[in-house]
Amino acid sequence: MSIPRRSGSGAHTHATAHDRLLQQVVEANGDLQDVMDMAATIESLGWSDQRVEDTFGQPTVFDLAQELFNEYLTTVRSEPVPPRFDLPWYRVLRQLAVDFLHGLTFALPMAVSVASMVILRISISSFQYFSVPQATALAMATFLSFVVTGGFTQAMATVYYVLLGLQEAGLIERTLYLIMRWGFVSAVVLALGVLLGDALFPMFPLSLALFMVVYLILLSLLWLSYASLYVLRREYVLTLVTASAILIAYAIWRAGYNVILAQAIAMISATIIATLAWLVIFRRQSRRWDHTGRIVRTRNSQLAYASGPYFLYGLLYFVFIFADRLVSWTTATSFTPYTIWFRGQYELGMDWALASLILPLAATEAFVGYFIRWLMAAQGHVSEHDVAALAVSSRNTYTRLMVAYLLVATAASLILRLGIGLAEHVHLLSGSLPTSSIESFVFSWASFGYIFLAISLFNILLLFSLAYPVPALRSLLIALAVDVGVGIVATRVFAAYQFAVIGLLAGVTCLLVLSTRDVLRTLPNIDFMLYRMV
């Protein structure tokens, strides 16, 4: 770092020594914090009070330090310089690839389920071979199971990583089982509430209501057991569990038994296998921990408070994902025997559109991981005077990642559309593609909207990673209101249930705008955010 030279003939020698000393001090300590730090550095270079007075006319080292520090602030630190640090490109690329491939494993269970639907014509909780009333009950059970367990699954992940630092296997195991137990109890309470509500305000026949609550409880148990393996980042084990359960359902169904019985046995089997697998993997992993000297303890109330925002996020996220479907299912047409009526064509279009999220969600883990690692490295190379430079640099990095993420999401949507076009010539997939006018309409608008959703989830995950969840929750709640409001207006004005997808597009557009604004408002205070995370 170069120091500006003074001009003036009378003080040239003095100025040269003065500037040379400041240059030496900066080279010896590039992160000067105050005058005392400056004085200590000057003394470490061999300067005493007598030598300072003879050379510069200052009575003490401290007086010279005061003069040099003022000049240091006005010359050396006058312009913020973005922090520079070494991140070898090959290490960055390797870590991005690892994170991206791991992100893809999240979609493996879903991919196995889709493949089984196409090849075996059955899955764990598919609505194929069901009547429309049964499919309606199954759709509602699926929605309610995700809503009632979504918060608990998010809380499980949060609590696990909070307690992981303590490496108390017994405490982690008891706490996660406690969360799973409360999730199951909540599902049972909701199921009883559904039965009571249907008795007071009949919407479905009693047999259909019972069918719904049975699937609600079984699916809730399944999602809670699956979450335990997700917490351990064992998605490949979860894929094997899913495949095994599908084979069980297929064997029972092929043996001539009812598809409902086959799916019920498959869900129970998957729940048991996933829970046992989690227990075995966790206990084997915990044997490597250092269990000595653990004196830190935490209370359930503290864990509940820490996981509260994540619980709300899990709840709101699944309500948001299903909101447009609920609007579609409740849109009155020429014949709807129940207030809620399953729309198979709408569901098929939405299911295919969801496939466009696989690559973007994989990129989410990679990009957020890169950004957090970049921030940690950047913070370690700047002083308190470089906060503004860190904010500018972090904003530039975020912008580049947003552009890259937009390209990934757009590419995923285009690849999916190309794949569907090619799959139309495959006889095996006939009847499983969004080819009708309604299915194509829903798929086109939803796949476009999911590009915005993918980028929004990147923003939300980034805010949660910075321990700043409140803006993300507020934006998600506003977007949910927009989704439902626009969807209701669109379906009622056009008198067609497929226009509920317009509400989805409006909601995710709102979420993208609000979440991007939240991140941009946070980045100027990024140094404080990182401090809060420590």
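Residues numbered from 1 in each chain as written. Predicted model: local features only at pLDDT ≥ 70, side-chain atom pairs only at ≥ 80, totals over all residues. Heavy atoms only, no water.

Take the overall build of the chain next. Summing up its helical and strand segments, the chain has 19 helices and zero strands in all. Across the 534 residues of the chain, 49% fall into the buried class. Taking contacts inside the chain between residues at least 6 apart in sequence as the whole, the part at least 24 apart equals 79%. For the chain, the computed accessible surface area is about 25,400 Å², with 66% contributed by carbon and sulfur atoms. (Helix = DSSP H or I, 4+ residues; strand = E, 2+ residues; numbered from the N terminus. Buried < 20%, exposed > 50% of the residue type's maximum accessible area, 1.4 Å probe, protein only. Contact = heavy atoms within 4.5 Å. Areas by Shrake-Rupley, 256 points an atom, 1.4 Å probe, with all protein chains shown as cover.)

As a further point, take the packing of aromatic side chains. The geometry of an aromatic ring pair is captured by two quantities: the separation of the ring centres and the angle between the planes. In this structure the tally under the stated criterion is 26 aromatic pairs. Their ring planes at 65° and their centres at 6.3 Å tell us that Trp 223 and Tyr 226 sit as a pair that is edge-to-face. You can see Trp 223 and its partner Tyr 226 sitting in helix α9 (residues 206-231), three residues apart, about one turn around the helix. Residues Trp 223 and Tyr 226 agree in their burial class; the two are buried. Taking 6.1 Å as the distance between ring centres and 55° as the angle between the ring planes, the aromatic pair formed by Phe 441 and Trp 445 counts as tilted. In this pair, Phe 441 and Trp 445 both sit in helix α16 (residues 437-465), four residues apart, roughly one turn of the helix. Its relative accessible area of 23% is what places Phe 441 among the partly exposed residues. Among the aromatic residues, those joined into a cluster by ring pairs are Phe 143, Phe 146, Trp 223, Tyr 226, Tyr 310, Tyr 313, Tyr 317, Phe 318, Phe 322 and Phe 464. (Phe/Tyr/Trp six-rings, centres within 6.5 Å; stacked < 30°, edge-to-face > 60°.)

With 137 residues, the main nonpolar core has Tyr 226, Leu 229 and Leu 453 as its most contacted residues. The element that contributes the greatest number of residues to this core is α16, accounting for 16 residues. For Leu 453, the contacting residues outside a window of four places in its chain are Phe 320, Ile 321, Leu 357, Val 508 and Leu 511. (Core = buried A, V, L, I, M, F, W, Y, C linked by side-chain atoms within 4.5 Å.)

This next bit is on the environment of Val 214. If you trace the backbone, Val 214 turns up in helix α9. For Val 214, a relative accessible area of 45% puts it in the partly exposed group. For the pair Val 214 and Ala 264, spaced 50 residues apart in sequence, the C-alpha separation works out to 8.8 Å.

What follows concerns the side chain of Ser 116. Here Ser 116 lies in helix α6 (residues 108-119). When its relative accessible area of 5% is taken as the criterion, Ser 116 is described as buried. From its side chain, Ser 116 meets the backbone oxygen of Ile 122 in a polar contact 3.1 Å long. Apart from residues no more than four positions distant in its own chain, Ser 116 is found in contact with Arg 121, Ile 122, Ser 123 and Ile 246. (Polar contact = N/O pair within 3.5 Å; in protein donor to acceptor, adjacent residues only side chain to side chain.)

Let's shift gears to the packing of helix α13 (residues 344-354) against α16. The interhelical angle for the contact between α13 and α16, taken along N-to-C directions, is 35°, at an axis separation of 8 Å. Helix-helix and strand crossings are classified by hand; for α13 and α16 the assignment is right-handed. Contacts between α13 and α16 involve Gln 345, Tyr 346, Leu 348, Gly 349, Met 350, Trp 352, Ala 353 and Leu 354 from the first element and Ile 438, Glu 439, Val 442, Phe 443, Ala 446, Ser 447 and Tyr 450 from the second. For the contact of α13 with α16, a count of residues per class yields eleven nonpolar, three polar and one charged. (Axes fitted to C-alpha atoms, helices over the stretch in contact; angles between N-to-C directions. Left-handed = near helix turned anticlockwise from the far one by under 90°. Nonpolar A, V, L, I, M, F, W, Y, C, P; charged D, E, K, R; others polar.)

Here we come to unusual backbone geometry. If you check the backbone angles, Arg 233 has positive phi at about 60° while not being a glycine. With respect to the element layout, Arg 233 can be found in the loop between α9 and α10 (235-254). Its identity as a non-glycine residue notwithstanding, Ala 495 has a phi of 50°, on the positive side. Assignment of secondary structure puts Ala 495 in the loop between α17 (470-494) and α18 (500-522).

Taken together, the side chains of Glu 43, Asp 49, Glu 53, Asp 54 and Asp 63 present a region of like negative charge at the surface. Of the residues forming the negative patch, the biggest block, three residues, is contributed by helix α3 (residues 49-56). With respect to the helices and strands, the residue Glu 43 is situated in helix α2 (residues 35-44). (Patch = residues over 30% accessible without salt bridge, like charges linked within 9 Å, V, L, I, M, F, W, Y side chains within 5 Å. Salt bridge = Lys/Arg side-chain N within 4 Å of Asp/Glu carboxyl O. Lys, Arg positive; Asp, Glu negative; His and termini not counted. Charge placed at Lys NZ, Arg CZ, Asp CG, Glu CD.)

Glancing now at α10. For α10, spanning 20 residues, the distance from its first C-alpha to its last is 28 Å, which sits close to the expected 28 Å at 1.5 Å a residue. Among all positions in α10, only Glu 235, Val 237, Leu 238, Thr 239, Val 241, Thr 242, Ala 245, Ile 246, Ala 249 and Ile 252 are buried. Following α10 by one or two positions, Gly 256 has its phi on the positive side, about 105°. (Expected span 1.5 Å × (residues − 1).)

In contact at an axis separation of 7 Å, α17 and α18 are set at 155° when each is read in the N-to-C sense. Classified by the interaxial angle, the pair formed by α17 and α18 is roughly antiparallel. Handedness of the crossing formed by α17 with α18: right-handed. Facing Pro 471, Ala 472, Ser 475, Leu 476, Ile 478, Ala 479, Val 482, Asp 483, Val 486, Gly 487, Ala 490 and Thr 491 of α17, the residues of α18 in contact are Ala 500, Ile 502, Gly 503, Leu 504, Ala 506, Gly 507, Cys 510, Leu 511, Leu 514, Ser 515, Arg 517 and Asp 518. (Parallel < 35°, antiparallel > 145°, perpendicular 65-115°, else oblique.)

On the secondary structure map, Thr 364 appears in helix α14 (residues 358-379). Among all residues touching Thr 364, those that are not within four sequence positions of it are Gly 369, Tyr 405, Ala 454, Phe 458 and Leu 461.

Moving on, we come to a nonpolar patch on the surface. Among the surface-exposed residues, Trp 182, Val 185 and Val 189 lie close enough to one another that they form a single nonpolar patch of about 300 Å² accessible area. Secondary-structure assignment places Val 185 in helix α8 (residues 169-200). In this structure Val 185 comes out as partly exposed when scored by relative accessible area, which is 34%.

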